[in-house]
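This is what each chain is made of:
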Amino acid sequence: RLNTDIFPPYQVHEGDRLSGSSVTALACIFEAMSLQYEIRVLPWERAIHEVSDDKADGFFSATRMNRASNFATLSAPLALEKWYWYHSKGIDLSNLKNLRIGAVRSSNQATWLDTEGIPVTELVNEGMQLIRLVQAGRIDTFIADARYFEELIAGASADTGLEAELERTFVRYMPLGVYFADQFLQQQPEF
């Protein structure tokens, strides 16, 4: 029993079917292990909370997070994200604490920024809002995975010129994996 949320291109709804690169990788792994599994799509915080409450066996695609390490163990990477700061032209990223930074609420990026002690001034519900906030001058920058950003731009109207308005600066590579509940791993030592 695994939980996830929709984060293109890793988890994507295609009609009534769940797909994406992480979903495909998990299907391959579980097929090779001859294991049955189910995936439920939930809001990210609920997906995590259900694992801590033993209502699910794991959640994905996740980066290392301190709070999950109290009740679950992170797998080997399923995917590798390439994170960039996206910002207006001319923004100086040398002192992040002086910038207005946005993040998607409960996202891997928001968690990482918090862990790094980098203050987030604006939390939003989805990625396109971050692009609009930079355009409006309400935030200076945000972090996003390059593939996720490309999905956002592709989903936007072709005549908006969004990509041309933003510069990007490489942050880091970030591995994504599955957090499996410690209780599940204790009950299934062969897993």
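Rules used in this analysis
As a convention, each chain's residues are numbered from 1 in the sequence order in which they are written. pLDDT decides what is reported in this predicted model: residues at 70 or higher carry local features, side-chain atom pairs at 80 or more are listed and counted, and totals for whole chains, interfaces and linings draw on all residues regardless. Only hydrogens and water are set aside when side-chain values are computed; all heavy atoms of the structure are taken into account. Under the DSSP-based scheme used, a helix requires at least four consecutive residues in state H or I and a strand at least two consecutive residues in state E, with every element numbered from the N terminus. Here's how the labels work: a residue is buried when its accessible area is under 20% of the maximum for its type, exposed when over 50%, partly exposed in between, all with a 1.4 Å probe on protein chains only. Only heavy atoms matter for contacts: two residues are in contact if any of them lie within 4.5 Å across the pair. Lining residues are defined by having an atom within 4 Å of a point belonging to a cavity or pocket. Those points lie on a 1 Å grid over the protein atoms alone, cavities being sets where a 1.4 Å probe fits but cannot get out and pockets being open sets with protein on both sides within 12 Å along at least five of seven lines. Grid points are joined across faces, edges and corners, and a volume is the space filled by probe spheres set on the points. Three classes are used: nonpolar for Ala, Val, Leu, Ile, Met, Phe, Trp, Tyr, Cys and Pro, charged for Asp, Glu, Lys and Arg, and polar for all others, with Gly counted as polar. Definition of nonpolar core: a set of buried residues of the types Ala, Val, Leu, Ile, Met, Phe, Trp, Tyr and Cys, connected through side-chain atoms within 4.5 Å. What pLDDT reports is the predictor's confidence in each residue, on a scale of 0 through 100. Pairing between strands is defined by DSSP: at least two bridges between them are needed. Stacked, tilted and edge-to-face pairs are distinguished by plane angle, under 30 degrees for stacked and over 60 for edge-to-face with tilted covering the rest, among Phe, Tyr and Trp rings (Trp via its six-membered ring) whose centres lie within 6.5 Å. By definition, being over a ring means that NZ of Lys or CZ of Arg is both within 6 Å of the ring centre and within 35 degrees of the ring normal.

Peer 1: An account of the side chain of N108 is requested, with residue identities and associated values reported.
Peer 2: Along the chain, N108 turns up in helix α3 (residues 108-115). Judged by relative accessible area, which is 8%, N108 ranks as buried. Those residues in contact with N108 that sit more than four places away from it in its chain are W44, S61, A62, T63, M65, W83 and L176.

Peer 1: Would you mind going over empty space enclosed by the protein in detail, with residue names and values included?
Peer 2: Throughout the structure, instances matching the rule amount to one cavity of 30 Å³ or more. Considered as a void within the structure, the largest cavity measures approximately 230 Å³ in volume. Considering the residues around the largest cavity, the lining is formed by 20 residues, among which F7, E81, S107, Q109 and Y148 are closest to the centre. At four residues, the largest contribution of residues to the lining of the largest cavity is made by strand β10 (residues 141-145). Residues of the lining of the largest cavity, tallied by class, amount to twelve nonpolar, six polar and two charged.

Peer 1: Tell me what's going on with the nonpolar core, and back it up with residues and numbers.
Peer 2: F59, M65 and Y179 are the most contacted members of the largest nonpolar core, which totals 25 residues. Secondary-structure elements contributing two or more residues to this core are α1 (21-32), α2 (44-52), β5 (58-62), β6 (72-74) and β11 (166-181). Those residues in contact with M65, other than ones at most four positions away along the chain, are W44, I48, F59, N108, T111 and Y179.

Peer 1: Help me get a handle on α3, residues and values and all.
Peer 2: Here α3 lies mainly inside the structure; six of its eight residues are buried. Of all the positions in α3, only N108, Q109, A110, T111, W112 and L113 are classed as buried. The positive-phi residue at the C-terminal boundary of α3 is G117, with phi of around 75°.

Peer 1: Break down the confidence of the model for the chain for me, with residues and values.
Peer 2: Per-chain confidence: the chain averages 93 in pLDDT, with 96% of residues scoring 70 or above. Within the chain, no element has a lower average pLDDT than helix α6 (residues 162-165), which sits at 64, and none a higher one than strand β1 (residues 2-4), at 98.

Peer 1: An account of the side chain of D57 is requested, with residue identities and associated values reported.
Peer 2: With respect to the secondary-structure elements, D57 resides in the loop between α2 and β5. What makes D57 buried here is its relative accessible area of 13%. Contact partners of D57, with chain neighbours within four places excluded, come to R1, L2, V51, Y179, F180, A181 and F184.

Peer 1: Mind laying out the pairing of strand β7 (residues 79-88), listing which residues take part and the relevant values?
Peer 2: Across the ten residues of β7, seven count as buried, placing the element largely inside the fold. By the bridge criterion, ten bridges tie β7 to β11 in an arrangement that is antiparallel. Looking at β11, one finds that H87 is bridged to E167. When β7 meets β10, the two strands line up antiparallel, connected through five bridges. Bridge pairing links W83 to D145 in β10.

Peer 1: Just give me the short version of the packing of aromatic side chains, but keep the residues and values in it.
Peer 2: Scanning the entire structure with this criterion turns up 15 aromatic pairs. Ring centres of W83 and W112 lie 5.7 Å apart, and the angle between their planes is 80°; on these two criteria the pair is classed as edge-to-face. Here W83, found in strand β7, pairs with W112, found in helix α3; they are 29 residues apart in sequence, far enough to count as distant. Across this residue pair, the class does not change: W83 and W112 are buried. Measuring from ring centre to ring centre gives 5.1 Å for F184 and F191, while their planes differ by 70°; the resulting arrangement is edge-to-face. On the basis of relative accessibility, which here comes to 15%, the residue F184 falls in the buried class. F191 gets classed as partly exposed once you look at its relative accessible area, which sits at 31%. Here the aromatic residues Y84, Y86, F142, F149, F170 and Y173 are joined through ring pairs into a cluster of three or more. Over the ring of Y84 we find R168; its NZ or CZ atom is 3.9 Å from the centre of that ring.

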